[in-house]
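Next come the chains, spelled out residue by residue.
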Amino acid sequence: MSTTEISSEIKLTIYHCNNAFGNDITHNIIDKEKINLKFINMACSSMVKDVFILRAFESGSDGVLVLVCREEGCRYVEGSKRAKKRVERVKKLLDEIKIDPKRLSFFNVSPDNKDATLKIIKEAVINIKNIGPLYSF
Amino acid sequence: MIVGEQKPITEIIEIIAPYKQLLILGCGTCVKTCFAGGEDEVATLASMIRLAFKKDSKEIKIAEQTVERQCENEFIQEAAQNIAKNDAILSLACGAGVQAIAKRFPKVPVLPGINTTFIGIQEQHGIFTEECQGCGNCGLATFGAICPITRCSKKLLNGPCGGSQNGKCEVNANIECAWQLIIDRLTQLGQLSNLRTYIPPKNWRTSISGGPRKLIREDHII
Ligand code: SF4
Ligand code: SF4
């Protein structure tokens, strides 16, 4: 791969709750597309602290997707609600430092509906590709 | 506890602009509890600054540390080595913490990363309320442990005024009338007769109006 190709590669980090979908989904992903996906499995999505999201951007991600269980399906009762609030806050922080908050997205998913989850991931990939790389230098 | 909130990032970026190597120093007590200056906030702020600088192709090195309390020397000294290695300190403590660091390290610029707001409590998770203005002569025994200086919009010591409606303050319907609260509580305690005591005009010399205050405990000075 040439340098230009490497630098034009888009990287998306996906934080997800361990219970939101099984590991198999990560193998079904869009490997043909030119995108670098990094899955980070968490025991509960409420563990996705502000700084984890920011550090994903720091370490080269062009986008971050947070996938959590449905609110009523959260095993830890309020984990999904907490994650949602955190993501909303980090979006504001990103906006303050003039990073497009659309680079960060959040969805509730269900382990019973893997197709829907795959669709969300694919759309997130397209979204980040459209926005482009975080740093263009 | 002292309640504070982090300054807007734009202001922080402006005040740190002259420095190339910055220590963000958190405080693990009051401001950690109000989500403004503990380890998590230090890490988040450091990350935001790095991202913002990188975006503008500017360079900065950021060290992170949080001490238990920035207002106590023994904890401050834990940061001494780190302080010596940096151009400036961005303190995420209250104003007392910022000044405590500045007094001990005269050659290092110390910058405030927090707006210190009030002495208060965590009413519920994520909601902080002001409860005391440190007047220096506490009268809570008379007022059923509800402070009219802090919680009555007019600071009335012989309240209520005539404007309270349905338990709310006439200044702002979102504020509970402190005097309604005082009367309700004194009634519950069987101490409503406290209100028969006329409270004379307060001597504010014990408050900040009397100038900077100092407390000396001879028995603790060696
Ligand atoms: S420095 Fe301020 S915020 Fe930190 S413990 Fe002391 S009083 Fe509380
Ligand atoms: S009376 Fe003074 S010391 Fe007591 S709570 Fe009110 S402001 Fe604080």
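Because the structure is predicted, anything quoted here is derived from the model rather than measured.

### Focus on the site of ligand 1
Surveying the vicinity of ligand 1 reveals the residues B:Ile2, B:Cys27, B:Thr29, B:Cys30, B:Val31, B:Arg69, B:Gln70, B:Cys71, B:Ala93, B:Cys94 and B:Gly97. The class makeup of the residues in the shell around ligand 1 is 7 nonpolar, 3 polar and 1 charged.

### Some remarks on the domain arrangement of chain B
As assigned here, chain B comprises domain 1 (2–118) and domain 2 (136–209). Relative to domain 2 of chain B, the C-alpha centre of domain 1 of chain B lies at a distance of 38 Å.

### Structural notes on the packing of helix H3 (residues 50–58) of chain A against helix H4 (residues 79–96) of chain A
When two helices pack together, their arrangement is given by the angle between their axes and by how far apart the axes lie. Residues and elements named next belong to chain A. For the pair H3 and H4, interaxial distance at closest approach is 9 Å and the crossing angle is 45°. Between H3 and H4, the angle is such that the two are oblique. The interaxial crossing formed by H3 with H4 has right-handed handedness. Between H3 and H4, the residues in contact are Asp50, Ile53, Leu54 and Phe57 and Arg86, Val87, Arg89, Val90 and Leu94, respectively.

### Here's the deal with the interface of chain A and chain B
When the parts of a complex come together, some accessible area is lost, and that lost area is often taken as the interface size. Tallying the contact residues gives 15 residues for chain A and 14 residues for chain B. Roughly 1,500 Å² is buried in total at the junction of chain A and chain B, and carbon and sulfur atoms are behind 63% of that figure. Seen at the junction of chain A and chain B, the total is 3 salt bridges. The partner of B:Arg50 in a salt bridge is A:Glu58, and the shortest N-O contact between them spans 2.6 Å.

### A closer look at empty space enclosed by the protein
All names here are of chain B. Following the criterion strictly, the structure yields 1 cavity of 30 Å³ or more and no others. If you go around the largest cavity, you meet 14 residues; those closest to its centre are Cys152, Ser153, Cys161, Cys169 and Cys177. Within the lining of the largest cavity, the residues separate by chemical class into 8 nonpolar, 2 polar and 4 charged.

### Things to note about the site of ligand 2
Every residue close to ligand 2 is listed here: B:Cys132, B:Gln133, B:Gly134, B:Cys135, B:Cys138, B:Gly139, B:Leu140, B:Cys147, B:Ile149 and B:Thr150. Within the shell around ligand 2, the residues separate by chemical class into 6 nonpolar, 4 polar and no charged.

### A closer look at the packing of aromatic side chains
Residues and elements named next belong to chain B. Tallying each qualifying case throughout the model produces 2 aromatic pairs over all chains. Taking 6.1 Å as the distance between ring centres and 70° as the angle between the ring planes, the aromatic pair formed by Phe35 and Phe128 counts as edge-to-face. A residue pair is termed long-range when its members are at least 10 positions apart, and Phe35 in the loop between helix H2 (30–33) and helix H3 (39–55) and Phe128 in strand S7 (residues 127–132) qualify at 93 residues. Seen from their ring centres, Phe143 and Trp179 are 5.7 Å apart, and the 85° between their planes marks the pair as edge-to-face.

### Structural notes on the sheet that holds strand S2 (residues 35–42) of chain A
Residues and elements named next belong to chain A. Across the sheet, 4 strands lie side by side as S2-S1-S3-S4; this open sheet has parallel pairing. Taken across any chain shown, the strands that pair with only one partner, and hence form the sheet edges, are S2 and strand S4 (104–109). Pairs of neighbouring strands in the sheet enclose a mean axial angle of 20°, with direction left out of account. Bridge count between strand S1 (residues 10–17) and strand S3 (residues 63–69): 5 bridges; the pairing is parallel. Bridge pairing in S3 links Tyr15 to Val66. Sheet strands in contact with H3 are S1, S2, S3 and S4, and its direction is about 145° off that of S3.

Conventions and cut-offs
Every residue gets a number counted from 1 within its own chain, in the order that chain's sequence is written. Written order determines the labels here, with chains lettered from A and ligands numbered from 1. Residues qualify for local features only when their pLDDT is at least 70, as the model is predicted, and side-chain atom pairs are given and counted only at 80 or more; totals for whole chains, interfaces and linings, by contrast, use all residues. Heavy atoms from the whole structure form the basis of all side-chain values; hydrogens and water molecules are not counted. We call a residue near a molecule or strand whenever a single non-hydrogen atom of that residue lies within 4 Å of it. Only Asp, Glu, Lys and Arg are considered charged in this grouping, and only Ala, Val, Leu, Ile, Met, Phe, Trp, Tyr, Cys and Pro are considered nonpolar; every other residue, Gly among them, is considered polar. For the purposes of this description, domain bounds are those given by an automatic or database domain assignment. Angles run from 0 to 180 degrees between N-to-C directions of axes, and those axes are lines fitted to C-alpha atoms, restricted for helices to the stretch in contact. Each helix corresponds to a stretch of at least 4 residues labelled H or I by DSSP, and each strand to a stretch of at least 2 residues labelled E; elements are numbered beginning at the N terminus. Comment on the angle field: the value is read as roughly parallel under 35 degrees, roughly antiparallel over 145, roughly perpendicular from 65 to 115, and oblique elsewhere. Crossing handedness follows the turn of the near helix against the far one: under a right angle anticlockwise gives a left-handed crossing, and clockwise gives a right-handed one. The contact rule is simple, with two residues in contact once any of their heavy atoms fall within 4.5 Å. By definition, the buried area sums, over both parts, the 1.4 Å-probe accessible area that each loses when the two are put together. Here, a salt bridge means any Lys or Arg side-chain nitrogen found within 4 Å of an Asp or Glu carboxyl oxygen. Grid points spaced at 1 Å over the protein atoms alone were grouped into cavities, where a 1.4 Å probe fits but cannot get out, and pockets, open sets with protein on both sides within 12 Å along at least five of seven lines, with lining residues defined by an atom within 4 Å of a point. Grid points are joined across faces, edges and corners, and a volume is the space filled by probe spheres set on the points. Side-chain rings of Phe, Tyr and Trp (the six-membered ring for Trp) are treated as a pair once their centres are within 6.5 Å; stacked means planes under 30 degrees apart, edge-to-face means over 60, and tilted covers the remaining angles. Pairing between strands is defined by DSSP: at least two bridges between the two strands are required.

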